[in-house]
Every structure is written in C-alpha cells, then in structure tokens.
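Structural overview for review
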Amino acid sequence: MDLGRLNEKQQEAVRYTEGPLLILAGAGSGKTSTMTHRIAYMVEEKGIDPYEILAVTFTNKAAGEMRERIESLVGSTRGMWVMTFHAMCVRILRRDGEQLGFNNNFVIYDGTDQKTVMKNIIKELNLDTKEYKPAYLLSVISRKKELGVTPKQFRENASNDPRARVLVQVYELYQKQLMENNAMDFDDLLTNTLLLFHQQPEVLANYQDRFRYIMVDEYQDTNHVQYELVKALAGDRKNICVVGDDDQCIYQWRGADIRNILDFEHDYPEAKVIKLEQNYRSVGNILAAAHSVIENNRGRKAKRLWTSREKGAKIRYYRANNEKDEALFAAREIERLRDKSRRGDGFREPLSYKDFAILYRTNAQSRQFEETFTREHIPYRVLSGLRYYDRKEIKDLMAYMRLVVNPRDDLSLRRIINEPKRGIGEKTIDKLAVFASVRGQSILEALGDEEVLQTLPAKAYEAVKAMAATILLCRQERENLRVSDIYDHLLVDTGYLAALEAEKTVESEGRIENLMEFKSVIYDYESQEALATMEADLSFRGEEETEAEGPSIDGFMEHLSLMSEIDNHDPSQDAVVMMTMHSAKGLEFPVVFLPGLEDGLFPGSRSFDSESGMEEERRLCYVGMTRAKERLILSSATTRTLYGRSDYTRESQFLREMDESLLEGDRVFKRRDPYGSRTTTYRGPGVSTGPIDGFREEAKPYLKPFDVNVAKTETRAAASGGETDFTPGDRVRHPKFGTGTVRSIQGKMVVVAFDEAGEKKMALGIAPLKKL
DNA sequence: GACATATCTAAAGCC
DNA sequence: TAGATATGTC
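Heads up: these notes are all about the structure in this document. (Residues numbered from 1 in each chain as written. Chains lettered and ligands numbered in written order. Predicted model: local features only at pLDDT ≥ 70, side-chain atom pairs only at ≥ 80, totals over all residues. Heavy atoms only, no water.)

A few points about the environment of F589
- For F589, the location among the structural elements is in strand β13 (residues 589-594).
- The class of F589 is buried, set by a relative accessible area of 4%.
- Put simply, F589 and T626 are 37 residues apart on the chain and 9.5 Å apart in space, counted from C-alpha to C-alpha. (Helix = DSSP H or I, 4+ residues; strand = E, 2+ residues; numbered from the N terminus. Buried < 20%, exposed > 50% of the residue type's maximum accessible area, 1.4 Å probe, protein only.)

Written out as structure tokens, the structure reads:
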C-alpha cells in the first residue's frame, strides 16, 4: 500500500500497529489521513480482519468521513465498527444490556426530554425555582454521570447540608423516572455500558476478544467514563491508539478531561508517542501568531507546528467603533479580498464567498453580520444550533412515533395527547396518570381500555380514543408496516395533518412542508437500511453479526436520536459561512474572520475566575486562528451592545498576547493590565490608531425590515381589530393603556412605550392597538 | 382550556 | 435587546 504521500512521522504512526500509541496531532497536521491510512495498512498489509477493528469518534460527521475515507482506500469497512461512543454503547446495550433491567428497546432522551423530566421533578419536590433551574440540575447530574458516580454513591458521599441533600434526591428521582419510562439519556448510554462491563465480565471479555485494535479520535475530548470504557475494552492487550491535540481541548465545560491525553503515557508507560507537527493548512504567519497565543498556556504538551509554506500576509486587525462597524468592515474586506484575488494579487486563485468564514464566540454575534451582509448583498449561511428536529411539528410526530416503539413513554404521550387539540388539559392528564399508575400501566396503555376512556370529558372522548387506538394499532402492526406507512397513519389518523390543513396559514403550510420533508428523511433511512441488509446477506460470516436487520420503526427512532442533526454544512453553496468557533473545529477556510476580540466577550467574562477557564478560552482562540489557511482577520469593537446595554470594551487579552510584529492595521492597545480588576470598564482614548483603508463607520440606527410572520393571528386580528403592520415610531392607541409610540418589533411582539403606562410588550395583531 | 400580557435572563453544544 | 417562560384573564 502506498504511504508515499505521508510524511515520515505519519508513516511511523501508520506502521506502529501493536501496543499503546499516542498520536499528538496538531491542527492541520493530516490527522484523519494518518488514521485512515493506518487502518487501511492494518487490513491490507498486516492482514488484520476488519472485524477486529474499532474506531471511535465523537461526531457522526467524523465517523462518516472516516468510514468513507477508509472505504476509498480498501474498498470496504464491512465488519469494522467505525462510530461514535454513543452509537457503540447503544449497540452493546441493545445486544447485551438486558441484565441491567433495561428492556432492550429503551428510548434515548434528548436534551428537551431531560428538561421536561427535570421540570416535573422540580415541581414534585416543590423546589425553589429560582435556585434550582432545570439546566443547572441537569448539568450537576451529567457531571456526576461523567465521573461515573451513581445516585447511590452520590448519596453515600454527599454532605449533610440541605443543598447536597436536594441534589441527591433530584438525581435519584431523575434516574427513577427514566427507568420507569424505559429511557436513557446520552450519559446513561455510556455509564450503563461501563456498568455492564463491570457486572458482566464475560460480556466485556467478549468485546475485548473481538476488538483487538482500537482507535480513538479526538482523545482530548474524552470524559472520564469514556476513558474508562476505552481502557476496559483495551484490556490487557492494550492495543490502543489514541489521537488528539491537547491544545484543541475546548469542551472541558461539558466534561472533557484534558488529563486523559496528558496522562496517557502515565496510564500506559510502554506507550509510543508520535507528534505530528508539520502543518499543511496555514501560512507561516498564521501559525506563528496562533503559537504566540497558545504558548501562554501552562499545562500543555510541548510542541510547535511548522510549515514549509510561505509566511503569507500579516494578520490584519481592525478596531471598530461598534459592532455594526465591525460587521461592515468584514463585508467590505470580503469584497476587497475578492477583487484582489481576482486580479491575482497575492492569491493563487480567485476567492469565492464560500472561502470566507466568520467565526465568533457566541451565536448572538451572528445577528449583526447577518443584517449587514443582507444589506450589502453578500450571500451567507449561518450554521447554528437551531436544529431542524427542534421544530415543533417534527418533535410532535417524533413523540407519536416514539410511543409506537415504547408505549411506556408517558413524557411523549403528555406532549401529544392534546396536539392537535382534543379538549384535554393539565387536570385531565393528571387524572389519567393516576388511573394508569393505579393499574400499573402507562397512560397510553390505560387509554387502550374503554373503562379509562369513559372517565374522559365527553368532548374529548372520541378524539382521544381514536388517537390511542391509532398508536396501539401501529405498534401491533409495526412488523408488517413500513416506517413511512406508520408515519402516514400517525399523521392522518390522529388528525394531526387535518388540524394543520384546517389552519390555512402561512405558518401551518410551512409546518406541513416540514412534515413532508421529514418523510423524505424516512425514505432515505428505508432505502439505506434495505441496502445495508442486502450487503449483509451477501457477506454472511457465520458470526452473530446482526448489524443490519432491515428498516424498522425502532431502528429509525434510534437512527434519529443518535443523528440529531442533518449535517447542514453544504460546501457547494457559494456563501460566506458563519458559525461559532466551537463548531468550526476540524474545518478550514482560506480566509477567517475572528470578530469580538474583547475581554468579557472573548475571553468570556466567566473565564476570568479561573486559570483553567482562561486556558480553555485560549485554546478556543487557538482553534479559531488555526482554521485559517491564507488570511486571518481579527477585529474588536470599541463599544458593544450586549443585553441591551452599550458599554466600552477593552481589547482581548489574547490580542495583547499575540506577537505584534505579525499584526497590521490598528495598533493593539497594550499595557500591563492597567485597570486592575476585570470589573473596571475601560474608557481610555488612544485605542485605535486610525482607520484602515480610510473608513470607519459610525453607528446608524438600523430599522429592522418588517418581515414578521403574523399569519397565525390574521383571522383573529381581523376579528378583534388588531393590526399587524406597525413600524417603529408609529403613534398608537390602546383602550386600556392610552396612547403611545411603537418602539420595536420583536418577533411576534410589538413593544410600545405608552405615554402613561410605560413600556408594554404585546402580541402583534391581537393586541387591541389602533394606529393614530 | 386558550389566549393575552408580564417577567425573566442571558456561552459554547457533541451524542 | 429579544426570545422563552410564567402568570393572569376571559
């Protein structure tokens, strides 16, 4: 096999197939290529059975890419496990997890489900909602699970103060609820697998025996449980290869333990360490600047990226007046560089829009860029956390489908029992829940009984009966029906689609469209699974390899919960990409903008409390900078409006750490922390040394284009006399509050400053507002 | 039960 | 500032 395209270090890593191996792969050092070649080498040159290889990644995307690239090298990955930690655990638990008391058709709860459960618990325990918020409690539980602490252990070790006692109680109750609903959250998948390994040594032995070669990608992001899992699987054979970069550990806040990679040599004293330090991505100046920042971190493995490429242009820095100016600067800069590149001035090829990326610290920063780019007619795409599967109609249908798979899922039932409206409210549901628990059933199961149905309010009876019958029938027939058929039944027979169709609004039509789009997701799944089954039949190997069983609703739900996000980074679209620095990890762009380099924003204000927090921010900065291939453009704003407050800012500590000789444009205002504490706001002059290319725009009031979707309320609006088309500045009258002036439009709400009653926010089109 | 209005609170987001 | 959630009212 041809390793000629790999450098010496990479080749060494490829050939070192036996015993523990740590590959420290710096940014842009050809990590994936090395890993995939290594696997290909094992199969082709060493004659290792693909069946004995396990490659674990963190994201589906990474797993998909790796699989694809291995396939292009050796033709097939059949038998090989190339998947995420979570997918691996699900597979193990479904296969061998019954001993733990879990039905092997457990469902996986996502963040929204977890939140719902937690809200119920808070209510049940009558907790102070100010002090105990769902997100906080969930993060406490998650941290515990990541450390492998069970509710029992937590109870035993918890102190006696009231707060700790509450946390213990919450954790216990939370686990109990999940168990009752036959559900696991993402953390449970990992912890339960580890538990299984501990309790059933023969199960573990089985997997140890199978997976003689283990690879772990992004090892710096593993948490403690993942570390233990890997260690367990590697067993005494210790044929384990981990790949990572401690400088790119940016997920400590969600449990990643950087010690795992830092201490690998300690865990495996015989480990071989190979550093990949040649960078194939960025020009020299970019690497040097990134290095000048990251070297301020104390706890890191010594390494320094180098490149054989030219130094390239200097890093450009712009100190904007405010965030609008900052966005406009980026817009102009993009056009300027496009022009320049078309003239062949300093660029090998003309740049198109998709060659530019704006990487910010917080999602909120995207708005300014979006507005500006829209006005400047620059095409852009925002990759954000707003997920397709978070849309209400999709979640509703998913809840219906989950009930088909798991009728014990009361959470899902509560979600859809009155969706579409069936005349059922909170009280009725609670009554049903009591009935069900008395009978030892879930709510849906109870609804299968006429006796229980009879207790419903008369107006709800028919609809609820039909709904329950539909779901239960689909369940009964799920072996005979295609997933898409089940979907159709649920959509139609429960009245969901009819209700949307009856609405006849722009919004409802959009929802219907989404539901149709969702169906194509199902179709994709069906054909994909059918294909996999065919292949599996062809390659029967006599083992218990039951990976392809054909499409099923169970399989589809699992596919969904593990996928969660359609990869929406479609590089074929020619548009500037905007995303957070976190989501940019692993990507690269010819030109990268890092805006908002201000203390308090980046590094974020919370990170000043601890050294480790600051170091993580610094690593994030390093990740951001090393995404750039040719040009890196930094900016900050003198004034920034955050949470409705406008404040002066101080240039980011990271800017001040950067090697000045590599910067051009505005001067970075450097002084040794002249203002002492971080609570002091910087107000000094002399921050900027003059405009770049002669422009620096003042903030102009920007009127939001009136594009608010008020369709849903149109009919009502007409009936109640409510108007929908207001513009900031309009004078209005409200029957109760008197006259006022429209301040702003926020989504579907209009904010009015009343002359007498102060500022009020009210729903557009419904509020009895009249224009004067 | 459903809608209208007031209040709250604010990072990053993999599976 | 603005979206999400809680509370109040018909």
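Quick notes on the pairing of β13
- Burial analysis of β13 places 6 of its 6 residues in the buried class, which makes it a mostly covered element.
- As defined by bridge partners, strand β10 (residues 356-360) adjoins β13 across 3 bridges and the pair is classed as parallel. Its bridge partner lying in β13, F356 is registered against V591.
- In terms of strand pairing, β13 meets strand β14 (residues 628-637) through 5 bridges, oriented parallel. Paired with F593 across the bridge in β14 is I633. (Pairing = 2+ DSSP bridges.)

Some thoughts on the sheet that holds strand β1 (residues 21-25)
- Strand order in the open sheet formed by 6 strands is β3-β2-β6-β7-β1-β8, and the pairing between neighbours is parallel. Single-partner strands in this sheet number two, and they are β3 (81-84) and β8 (272-276). Averaged over all neighbouring strand pairs, the angle between strand axes comes to 15°, with direction disregarded.
- Sheet topology note: the β1/strand β7 (residues 240-244) ladder contains 4 bridges and is parallel. By the bridge assignment, L21 is partnered in β7 with C241. (Axes fitted to C-alpha atoms, helices over the stretch in contact; angles between N-to-C directions.)

Notes on helix α9 (residues 186-199)
- In a regular helix each residue adds 1.5 Å, so 14 residues correspond to 20 Å; α9 covers 20 Å between its end C-alpha atoms and thus fits that length.
- Burial runs high along α9: 10 of the 14 residues are buried.
- Of the positions making up α9, those classed as buried are D187, D188, L189, L190, T191, N192, T193, L194, L196 and F197.
- You can read the cap of α9 off the contacts: a side-chain oxygen lies 3.1 Å from the backbone nitrogen of D187, and it is on D185. (Expected span 1.5 Å × (residues − 1). Polar contact = N/O pair within 3.5 Å; in protein donor to acceptor, adjacent residues only side chain to side chain.)

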